[in-house]
Amino acid sequence: MLTSVNIFSFFFQRRFCPCSDHSSFRHLLHLHINCISFEIRKQVSFFAEQFSCFLNILYTCYKKTQSEILDRFYFIVKINEIYFTGGADYFSSPGGTLKKFMTDISKKLLLILLILFLFQTNCNAVDNVKFAVISDPHVSMPADGITDDFKMGLHSVEFLENTIKDVNTIEDLDFVIFLGDLTKDGEPWNVDKFSEIMSDLKVPSYVILGNHDQSVITQTGKACLPGVSKETMVWALQGHGFNGPSLWWSADPVPGLHLIGLDTNILGTWSGTISDAQLKWLERDLSSNRDIFTIVLGHHSIIPFSKEEEQTEHWQSFYMEKGEKLLEVFEKYKNISFYLSGHRHVSTRAVEHNGIYHIVHPSTSTYPMRYTIYELTEEYLTYEVKNVPMDKETWELAKKNFFTFGTGFWRGTDMTDTSEGNKKYLDYYESNETLKAKFPLRSGNIKGL
Ligand SMILES: [Fe+2]
Ligand SMILES: [Fe+2]
């Protein structure tokens, strides 16, 4: 047994010792293997626990980001160093006593428990993830033509700033998602302002583009304030999901959770679609991450989320073309349970389609100004909707403008400007019955992926 253990130790030392960079991942592994080797020479029995720890580390390497692994390696190595100092004293001293031996045993048990606890909790790191979703802030710095109407343009900066301050008070928040329409129409100064406000967040943030995050001259057919292209927006938002020139991205904001950010926008229209190039990329990304719980983000909804929406033809621009192609892809991967969208400006509400929940999110710049806080556990995703903090007078102005300027496609055909029609219109947008919700995962639980 001892011989085989030493051969094992020799193999790993030969494999990992010649590291050139002492701050490297490999060097930390080397340190850990040295610790294992030292321990093997002293006590074979303890080796089994160390080996178990080593396997745990390998598992962690597979599941975690490199920076997290380095942190945990360093911690383990430090514990080993402390332990070995005491252990070496005992074994080299001729005056070792039973009491000292028992103290060492206690230290060993404590070490094992610490290691097991450390990796046990982190192997299930996807449990209890908390994130906030902010949508459609339509940041509009004061300029000619910027007013408070259905979209509260003159208050949009204040509303987003208040939202960020509120989000920063949430305990244990892991990250924040922005679901597009970040700016009025992609004006450079609004891009700068949005980035500046977003940078006040205490946690990482991820963004996708909306139909307003580009110049709208092709939509209006007339001169307007100069907006940038989607490509330019992507460069301005690097590190927030975007990683290079691509208009779509995937990232793991926390270990065990995969986010996919799509670009569903079409130049020259409010409507959405999904490009063939994006569908191919999506298939590749999903097939290489099929064991990781995944949430997909897109500015446009894929399917109607209420009977009213289904029956109303003029609301079609809120739903993307070729959405059925996306649904086909989603259904192949049971690690996808949720598709989150913005664009519609109604309060948070959801519809289930073949086990996948499609959830639409409110705007922070139109009534009722809200954002959403999610918690993901091993078995459920829950959400709670919050109002954007503001004074009563501003809230009332937004509500008044909601009725005054909320015409055309913002209203259903039965939401006429009558007391009954206005009530339907308000109920529909406030969606007060859906301020809290809880959804099961399609696979039953995270481990069932
Ligand atoms: Fe919007
Ligand atoms: Fe939009």
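Since we're looking at a predicted model, the values are computed, not measured.

1. Observations regarding the sheet that holds strand 5 (residues 257–261)
Thought 1: One open sheet accounts for six strands, arranged 4-5-6-7-9-8; its pairing is mixed. Edge positions in the sheet fall to strand 4 (249–254) and strand 8 (349–353), since each of these pairs with one other strand and no more. Along the sheet, successive strands turn relative to each other by an average axial angle of 25°, direction set aside.
Thought 2: Both strand 5 and strand 6 (residues 293–297) contribute to a ladder of five bridges, which runs parallel. Directly across from Leu 257, in strand 6, lies its bridge partner Phe 293.

2. Quick notes on the pairing of strand 10 (residues 370–376)
Thought 1: Across the seven residues that make up strand 10, a large majority, five, are buried.
Thought 2: Where strand 1 (residues 129–134) meets strand 10, five bridges bridge the pair, whose relative direction is antiparallel. Each residue of the ladder has a partner; that of Lys 130, found in strand 10, is Glu 375.
Thought 3: In this sheet, strand 11 (residues 380–387) lies alongside strand 10 in antiparallel orientation, the contact comprising seven bridges. When the sheet's bridge partners are listed, Tyr 374 is paired in strand 11 with Tyr 383.
Thought 4: Linkage of strand 10 to strand 11, two consecutive antiparallel strands, is achieved through a turn of three residues.

3. Some points on the environment of Thr 394
Thought 1: Within the fold, Thr 394 resides in helix 13 (residues 392–405).
Thought 2: For the pair Thr 394 and His 155, spaced 239 residues apart in sequence, the C-alpha to C-alpha distance is 8.6 Å.

4. A word on the nonpolar core
Thought 1: Counting 78 residues, the largest nonpolar core has Val 133, Ile 177, Leu 297 and Leu 340 as its most contacted members.
Thought 2: Sequence-distant contacts of Ile 177, defined by excluding residues within four places in its chain, comprise Phe 131, Val 133, Tyr 206 and Leu 297.

5. What to know about helix 14 (residues 419–430)
Thought 1: When the terminal C-alpha atoms of helix 14 are compared, their 16 Å separation across 12 residues agrees well with the 16 Å that a helix rising 1.5 Å per residue should span.
Thought 2: After helix 14 finishes, the residue Ser 431 shows a positive phi value of roughly 45°.

6. Focus: the sheet that holds strand 12 (residues 436–440)
Thought 1: Strand order in the open sheet formed by six strands is 3-2-1-10-11-12, with mixed pairing between adjacent strands. One side of each edge strand has no neighbouring strand; the edge strands of this open sheet are strand 3 (205–207) and strand 12. Taking each pair of neighbouring strands and ignoring which way they run, the sheet shows an average axis angle of 20°.
Thought 2: Bridge count for strand 11 against strand 12 is five bridges, and the pairing is antiparallel. Directly across from Tyr 383, in strand 12, lies its bridge partner Ala 437.

7. Quick word on unusual backbone geometry
Thought 1: Here the residue pair Tyr 367 and Pro 368 is connected by a cis peptide bond, since its omega of -5° sits within 30 degrees of zero.
Thought 2: Following the sequence through the fold, Pro 368 ends up in the loop between strand 9 (356–360) and strand 10.
Thought 3: Unlike most non-glycine residues, His 138 shows phi in positive territory, near 45°.
Thought 4: Considering the arrangement of structural elements, one finds His 138 in the loop between strand 1 and helix 6 (156–167).
Thought 5: Notably, Asn 354 is not glycine yet its phi reads approximately 50°, a positive angle.
Thought 6: Along the polypeptide, Asn 354 turns up in the loop between strand 8 and strand 9.
Thought 7: The exposed category is assigned to Asn 354, around which 9 C-beta atoms lie within 10 Å.

8. Here's the deal with the environment of Ala 437
Thought 1: The topology assignment puts Ala 437 in strand 12.
Thought 2: In this structure the C-alpha to C-alpha distance between Ala 437 and Ala 350, which are 87 residues apart in sequence, comes to 8.8 Å.
Thought 3: With near-sequence residues (within four places) excluded, Ala 437 lies in contact with Ala 350, Thr 382 and Tyr 383.

9. Quick word on the environment of Thr 434
Thought 1: Among the secondary structure elements, Thr 434 is positioned in the loop between helix 14 and strand 12.
Thought 2: Through-space distance from the C-alpha of Thr 434 to that of Val 385 is 8.4 Å; in sequence the pair is 49 residues apart.
Thought 3: Beyond its immediate chain neighbours, meaning those up to four positions away, Thr 434 contacts Ser 347, Thr 348 and Arg 349.

10. Let's talk about the confidence of the model for the chain
Thought 1: With 70% of its residues at a pLDDT of 70 or more, the chain shows a mean pLDDT of 82.
Thought 2: For residues 1–28, every residue scores under 50 in pLDDT, and the model assigns this stretch 29 contacts once sequence neighbours within four places are set aside.
Thought 3: Confidence drops under a pLDDT of 50 for residues 84–95, and excluding neighbours within four residues, the segment shows 10 contacts in the predicted structure.

Scoring rules and cut-offs
Starting from 1, residues in each chain are numbered consecutively following that chain's sequence as written. Written order decides the labels, with chains lettered from A and ligands numbered from 1. Only residues with pLDDT of at least 70 are given local features in this predicted model, and only at 80 or more are side-chain atom pairs given and counted; all residues enter the totals for whole chains, interfaces and linings. At least two bridges found by DSSP between two strands are what make those strands a pair. The helix count covers DSSP runs of H or I at least four residues long, the strand count covers runs of E at least two residues long, and both are numbered beginning at the N terminus. With axes taken as lines fitted to C-alpha atoms, and helix axes fitted only over the stretch in contact, angles between N-to-C directions fall between 0 and 180 degrees. Residue burial is a threshold on neighbouring C-beta atoms within 10 Å of the residue's own C-beta, all placed from the backbone, with 20 or more meaning buried, 12 or fewer meaning exposed, and counts in between meaning partly exposed. Nonpolar cores are built from buried Ala, Val, Leu, Ile, Met, Phe, Trp, Tyr and Cys residues. These are joined into a set through C-beta atoms within 7 Å. Each residue is represented by a C-beta atom placed from its backbone, and any two residues with such atoms within 7 Å are regarded as in contact. One less than the residue count of a helix, multiplied by 1.5 Å, gives the span that helix is expected to have. Values of pLDDT, the confidence the predictor places in each residue, fall between 0 and 100.

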